[in-house]
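Residues per chain, in single letters:
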Amino acid sequence: MNPTGCQEEAVVFACEGEHLLGILSRPAIAQPSGCGVVIVVGGPQYRAGSHRQFVHWSRALAEAGHAVLRFDVRGMGDSTGAQRGFQALDADIGAAVDCLMERCAGLGGVVLGGLCDGASAALLYLQRQRDERVRGLVLLNPWVRSEQTLSRTYVRHYYLQRLADRSFWSRLLRGQIALQAARELIGHLAAAFGRRTPSTASPEATTPYPELMVAALRQQPRPVLLALSGNDYTAKEFLELAEVNPDWVGWLAAPHVRRLDLPEADHTLSQPEPRTRFEQASIAWLAQTFAAAPTAR
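A.B. asks: Can you walk me through the overall build of the chain in this structure?
C.D. replies: Looking only at helices and strands, the chain features 10 helices and 8 strands. Within the chain, contacts between residues separated by at least 24 positions form 74% of all contacts whose residues are at least 6 apart in sequence. Per element, the accessible surface of the chain, about 14,500 Å² overall, is 52% carbon and sulfur.

A.B. asks: Would you explain the pairing of strand β2 (residues 18-27) in this entry?
C.D. replies: Consecutive side chains along a regular strand alternate between the two faces of the sheet. Burial analysis of β2 places 7 of its 10 residues in the buried class, which makes it a mostly covered element. Bridge count for strand β1 (residues 6-15) against β2 is 10 bridges, and the pairing is antiparallel. Bridge pairing in β2 links Val-12 to Leu-21. Here β2 pairs with strand β4 (residues 68-71) via 4 bridges, running antiparallel. Pairing of Ile-23 across the sheet is with Arg-70, part of β4.

A.B. asks: In this structure, what is going on with helix α9 (residues 233-244)? I would like to understand it.
C.D. replies: Because each turn of an α-helix spans 3.6 residues, side chains separated by three or four positions end up pointing in the same direction. With 12 residues, α9 should reach 16 Å at 1.5 Å per residue; the first-to-last C-alpha distance of 16 Å fits that figure. When we look at burial in α9, the residues that qualify are Thr-234, Ala-235, Glu-237, Phe-238, Leu-239, Glu-240, Leu-241 and Ala-242. For α9, the N-terminal cap is Asp-232; the gap from its side-chain oxygen to the backbone nitrogen of Thr-234 is 3.3 Å.

A.B. asks: Looking at this structure, I do not really get the sheet that holds strand β6 (residues 134-140). What am I missing?
C.D. replies: The pairing of strands in a sheet comes from backbone hydrogen bonds and takes either a parallel or an antiparallel form. Taken in spatial order, the 8 strands line up as β1-β2-β4-β3-β5-β6-β7-β8 in an open sheet, and their pairing is mixed. With one partner strand each, in any of the chains shown, β1 and β8 (257-262) form the two edges of the open sheet. With direction set aside, neighbouring strand axes in the sheet form an average angle of 20 degrees. Two strands pair when backbone bridges link them, and β6 and strand β7 (residues 224-229) are joined in this way by 4 bridges, in the parallel orientation. Paired with Leu-140 across the two strands is Ala-227, which belongs to β7. Docked against the sheet, helix α2 (residues 90-103) engages β1, β2, β3 (35-40), β4 and β5 (109-115), running at close to 130 degrees with respect to β1. Along the sheet face, helix α3 (residues 117-129) touches β3, β5 and β6 and points at about 155 degrees away from the line of β6.

A.B. asks: Can you help me understand the packing of aromatic side chains in this one?
C.D. replies: Within a pair of aromatic rings, the relevant descriptors are the distance that separates the centres and the angle that separates the planes. All chains considered together, the criterion is met by 7 aromatic pairs. Relative to Trp-251, the ring of Phe-238 has its centre 6.5 Å away and its plane inclined at 80 degrees; by these criteria the two rings are edge-to-face. With a gap of 13 residues between them, Phe-238 in helix α9 and Trp-251 in the loop between α9 and β8 connect regions that are remote in the sequence. An identical accessibility class is assigned to Phe-238 and Trp-251; each is buried. Grouped by ring-pair contacts, the aromatic residues Phe-238, Trp-248 and Trp-251 constitute a single cluster.

A.B. asks: Explain the environment of Phe-54 here, please?
C.D. replies: Within the fold, Phe-54 resides in helix α1 (residues 53-63). Separated by 13 residues in sequence, Phe-54 and Val-41 place their C-alpha atoms 8.5 Å apart.

A.B. asks: Where do I start with the pattern of salt bridges in this structure?
C.D. replies: One pass over the structure, following the stated rule, counts 13 salt bridges. Salt-bridge contacts for Arg-133 lead to Asp-98; the nearest nitrogen and oxygen are separated by 2.6 Å. Remark: Asp-98 occurs in helix α2 and Arg-133 occurs in the loop between α3 and β6; sequence separation between them is 35 residues. For Arg-133, a relative accessible area of 27% gives the class partly exposed.

A.B. asks: Honestly, the side chain of Asp-72 in this entry has me stumped. Any pointers?
C.D. replies: Checked against the element boundaries, Asp-72 lands in the loop between β4 and α2. A distance of 2.9 Å separates a polar atom in the side chain of Asp-72 from the backbone nitrogen of Asp-78. Non-local contacts of Asp-72, meaning those with residues more than four positions away in its chain, are made with Leu-20, Leu-21, Tyr-46, Arg-47, Gly-77, Asp-78 and Ser-79.

A.B. asks: What am I meant to see in the packing of α3 against helix α8 (residues 209-219) here?
C.D. replies: In a pair of packed helices, the angle between the axes and the distance between the axes together describe the arrangement. Between α3 and α8, the shortest axis-to-axis distance is 8 Å and the interhelical angle comes to 65 degrees. As α3 runs across α8, the sense of the crossing is left-handed. Every residue of α8 that contacts α3 at Ser-120, Leu-123, Leu-124, Leu-126, Gln-127 and Arg-128 is listed here: Tyr-209, Leu-212, Met-213, Ala-215, Ala-216, Leu-217 and Gln-219. Per-class residue counts for the contact of α3 with α8 are 9 nonpolar, 3 polar and 1 charged.

Rules and cut-offs
- Residues numbered from 1 in each chain as written.
- Predicted model: local features only at pLDDT ≥ 70, side-chain atom pairs only at ≥ 80, totals over all residues.
- Heavy atoms only, no water.
- Helix = DSSP H or I, 4+ residues; strand = E, 2+ residues; numbered from the N terminus.
- Contact = heavy atoms within 4.5 Å.
- Areas by Shrake-Rupley, 256 points an atom, 1.4 Å probe, with all protein chains shown as cover.
- Buried < 20%, exposed > 50% of the residue type's maximum accessible area, 1.4 Å probe, protein only.
- Pairing = 2+ DSSP bridges.
- Expected span 1.5 Å × (residues − 1).
- Polar contact = N/O pair within 3.5 Å; in protein donor to acceptor, adjacent residues only side chain to side chain.
- Axes fitted to C-alpha atoms, helices over the stretch in contact; angles between N-to-C directions.
- Phe/Tyr/Trp six-rings, centres within 6.5 Å; stacked < 30°, edge-to-face > 60°.
- Salt bridge = Lys/Arg side-chain N within 4 Å of Asp/Glu carboxyl O.
- Left-handed = near helix turned anticlockwise from the far one by under 90°.
- Nonpolar A, V, L, I, M, F, W, Y, C, P; charged D, E, K, R; others polar.

Read these as layout, nothing more, since geometry by itself doesn't imply function.
Encoded structure:
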């Protein structure tokens, strides 16, 4: 049964010889928004999302007037083909944008939305494909994982808290803290603040994907809604990078970036209150950002 306020249908579309399956959520209102939304699902995951997260989000957006497509990338869910990582989803995302634009006449463009490496895949697509149909981005807890950023995040948000805890020192003096834990701390400190060994490979082959992500944000600026969960190391790791890396510094304060902090939320917004807050914020952001934009003829 379709939810009140929107209509849903399964769609199948082609991608480099394979078939992708998606769910298209259409608004029930007579004059839908001219801006559609393509939800990029990271992996390993399929179109429903954890706790049916993308189902809830799609329906909320559609009931607010936006056509939304959530889909299985190749090798996941009901789509055919070999499974691939988030850094190799350009063709899948492009095919989904094609599908939404073709099936929903009058769209002037789309917003790409994604969680974790789905958000990262959306930025990589924009950087490499330079698709002018992409008018904005909703990035939820973007994935920027590296050994250095992960170690800095653990040192800052885990180990420093433990060092300030009296019970930690009491257990250490009584021998209840294993030597292995101390070794892990030393290892994280070395990775966090040590120097990386320069690579002899070509720059094109070794450019870290976070650098490609920020290149998309700086070279092709689009309106961005950045949502960050408070109880999530992936979000903390993103902030660690964005606050100290010279390529990222200043981007968070850019006028086209709106930041939404969800202090009580976990990585996948598993609880109803933060999930609903995120949905409402994304709806309000879309209305404020694209309400006056013309639609395609």
